[in-house]
Amino acid sequence: MASSTALPLALLIIYITFSLPIIYIAIKHGLKHGAVVGWFFLFAFCTLRIVSSAIEMNDPHSSSAALVGSIGLSPLLAAACGILHEARAYILPKPRRPFDTPYLIIFHLLVTTAIAIIAAGASNLSSATLSPDQINRDNALVKAGIVMLFLGWISLAILTFTTFQYILTRRSRKLAESEAGKNLLLAIAISIPFLGIRVLERLVYYFTQNPLLDPVSGSLGLRVGLEVVEEIIVTVLLVIAGLLTRNIGSTVATDAY
C-alpha cells in the first residue's frame, strides 16, 4: 500500500470506530443539562475526519481534504466545551454556575465564526489568480480566525481550572455523589494540553507560513506528532469518560443545591 494513503486509511478506520460508541454515549447521556451538545459535536468532529480522510485517499494533495481537516478543529473544541458544561452541572451547585449556559452559547458562536473565517480565507488562498491585496486580506482572515480559536481554548482552560479549584476547596455531600461528573471533568482537564498543542500548531503555521506545517505538502512526521496524535488522544479520553459515565443521567444533579 502506498505510504500516501496509509495514514488517511488508518484515520478513516479509527474515526469510524469512534463514531459508533459516541452515538451510544449520546443516547445514554440524553438531553439532561444539554449533555447531547458535547457528544453531538464530538460525532461531528469524527464525521469531518472521516470525510477528509476519504478525500485524501483519493487525492493525497487535495486542498479540499486539508480544508475539511482544518474545519474539524472547531467541533473538537465545541465538544470539549459541551462536555465540560455537562460535568459542571453534576459537580457545582446551580448558584455557582449562573453563566454556564450563556458561556456555552458564546463559546460555540466564537468557534463557529472562527472556523468560518478560516475556511473562507484558506479556500481563497488556494487560488493561483489572487492579487497581492486579496492575498493579504485572506491571510488576515485566517489569522483572525485562529486567534479566535486560541482565545476559545484559553477560556476553556481557565473554566476547567476554576472547576477543579472548587472541587479541591469544597467538600460536601453533593460532591461525594458526583463521581461521574468528576470523571468527565478529568477527561477534559487531561485533554486541554493536547487541544492547546493542536491550536498552537495551526497558530504558528498561519502566522509563519512554515512549509513544514503545511497541511497538504508539509512534514508527515510533524503532522502526525502535532495534529493526528493529539486529536486521537482527546477523542479516546472523551469516549472512555463517556462510556464510564453512561448512567450519569440517572444520578441526582446539583440543581437543588
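Throughout what follows, the structure given in this document is the object of discussion. (Residues numbered from 1 in each chain as written. Predicted model: local features only at pLDDT ≥ 70, side-chain atom pairs only at ≥ 80, totals over all residues. Heavy atoms only, no water.)

Observations regarding the overall build of the protein chain
Helix and strand counts for the protein chain come out as nine helices and zero strands. Here the protein chain holds 257 residues, and 45% of them are scored as buried. Considering only contacts in the protein chain between residues 6 or more positions apart, those separated by 24 or more positions represent 80%. Accessible surface, the protein chain as shown: approximately 11,800 Å² in total, 70% of it carbon and sulfur. (Helix = DSSP H or I, 4+ residues; strand = E, 2+ residues; numbered from the N terminus. Buried < 20%, exposed > 50% of the residue type's maximum accessible area, 1.4 Å probe, protein only. Contact = heavy atoms within 4.5 Å. Areas by Shrake-Rupley, 256 points an atom, 1.4 Å probe, with all protein chains shown as cover.)

As for unusual backbone geometry
In this model, Gln209 sits at a positive phi of 55°, which is unusual for a non-glycine residue. Residue position: Gln209 is located in the loop between helix H8 (179-208) and helix H9 (220-244). Owing to a relative accessible area of 40%, Gln209 belongs among the partly exposed residues under this scheme.

A few points about the nonpolar core
Counting residues in each nonpolar core, the largest one holds 61 residues, and the members touching the most others are Leu42, Leu77 and Leu149. At the level of elements, helix H1 (3-29), helix H2 (35-58), helix H4 (73-91), helix H5 (100-125), helix H6 (132-169), H8 and H9 are the ones that each hand at least two residues to this core. Looking at this core element by element, the count peaks at 13 residues for H4. With residues up to four places along the chain from it excluded, the contact list for Leu42 reads Ile22, Leu76, Ala79, Thr235, Leu238 and Val239. (Core = buried A, V, L, I, M, F, W, Y, C linked by side-chain atoms within 4.5 Å.)

So, the packing of H4 against H8
Taken N-terminus to C-terminus, the directions of H4 and H8 make an angle of 155°; their axes are 9 Å apart at the nearest point. In terms of orientation, H4 lies roughly antiparallel with respect to H8. Pair H4 / H8 crosses with left-handed handedness. Between H4 and H8, the contacting residues are Leu73, Leu76, Leu77, Ala80, Ile83, Leu84, Glu86, Ala87, Tyr90 and Ile91 on the first element and Gly181, Lys182, Leu184, Leu185, Ile188, Leu195, Arg198, Val199 and Arg202 on the second. When the residues that make up the contact of H4 with H8 are grouped by side-chain class, the tally is 14 nonpolar, one polar and four charged. (Axes fitted to C-alpha atoms, helices over the stretch in contact; angles between N-to-C directions. Parallel < 35°, antiparallel > 145°, perpendicular 65-115°, else oblique. Left-handed = near helix turned anticlockwise from the far one by under 90°. Nonpolar A, V, L, I, M, F, W, Y, C, P; charged D, E, K, R; others polar.)

With respect to the packing of aromatic side chains
Overall, the coordinates contain six aromatic pairs when judged by the stated rule. Taking the centre distance of 5.8 Å and the plane angle of 45° together, the rings of Tyr103 and Phe107 count as tilted. Pair noted here: Tyr103 and Phe107 are both in helix H5, with a separation of four residues, about one helical turn. Overall, Phe107 belongs to the buried group, its relative accessible area being 2%. Three or more aromatic residues joined by ring pairs make a cluster, and in this case those are Tyr15, Phe18 and Phe45. (Phe/Tyr/Trp six-rings, centres within 6.5 Å; stacked < 30°, edge-to-face > 60°.)

Overview of the side chain of Thr235
Mapping Thr235 onto the fold places it in helix H9. Classification of Thr235 by relative accessible area gives buried; the value is 0%. A distance of 2.8 Å separates a polar atom in the side chain of Thr235 from the backbone oxygen of Glu231. (Polar contact = N/O pair within 3.5 Å; in protein donor to acceptor, adjacent residues only side chain to side chain.)

Regarding a nonpolar patch on the surface
A cluster of nonpolar residues, Ile23, Ile27 and Phe43, forms a patch on the protein surface that exposes about 280 Å² of accessible area. As for its placement among the helices and strands, Phe43 is situated in helix H2. (Patch = residues over 30% accessible without salt bridge, like charges linked within 9 Å, V, L, I, M, F, W, Y side chains within 5 Å. Salt bridge = Lys/Arg side-chain N within 4 Å of Asp/Glu carboxyl O.)

Some details on the pattern of salt bridges
Enumeration over the complete set of coordinates arrives at nine salt bridges. Note that Glu231 and Arg198 form a salt bridge whose closest N and O atoms lie 2.6 Å from each other. On the criterion of sequence distance, the pair formed by Glu231 in helix H9 and Arg198 in helix H8 is long-range, its members being 33 residues apart. The two residues Glu231 and Arg198 agree in class, both being buried. Across the pair Arg202 and Glu201 runs a salt bridge, and its minimum N-O distance is 2.6 Å. In this structure, Arg202 and Glu201 share a single accessibility class: buried. Bridged by salt links that share partners, the residues Arg49, Arg198, Glu201, Arg202, Glu227 and Glu231 form one connected network.

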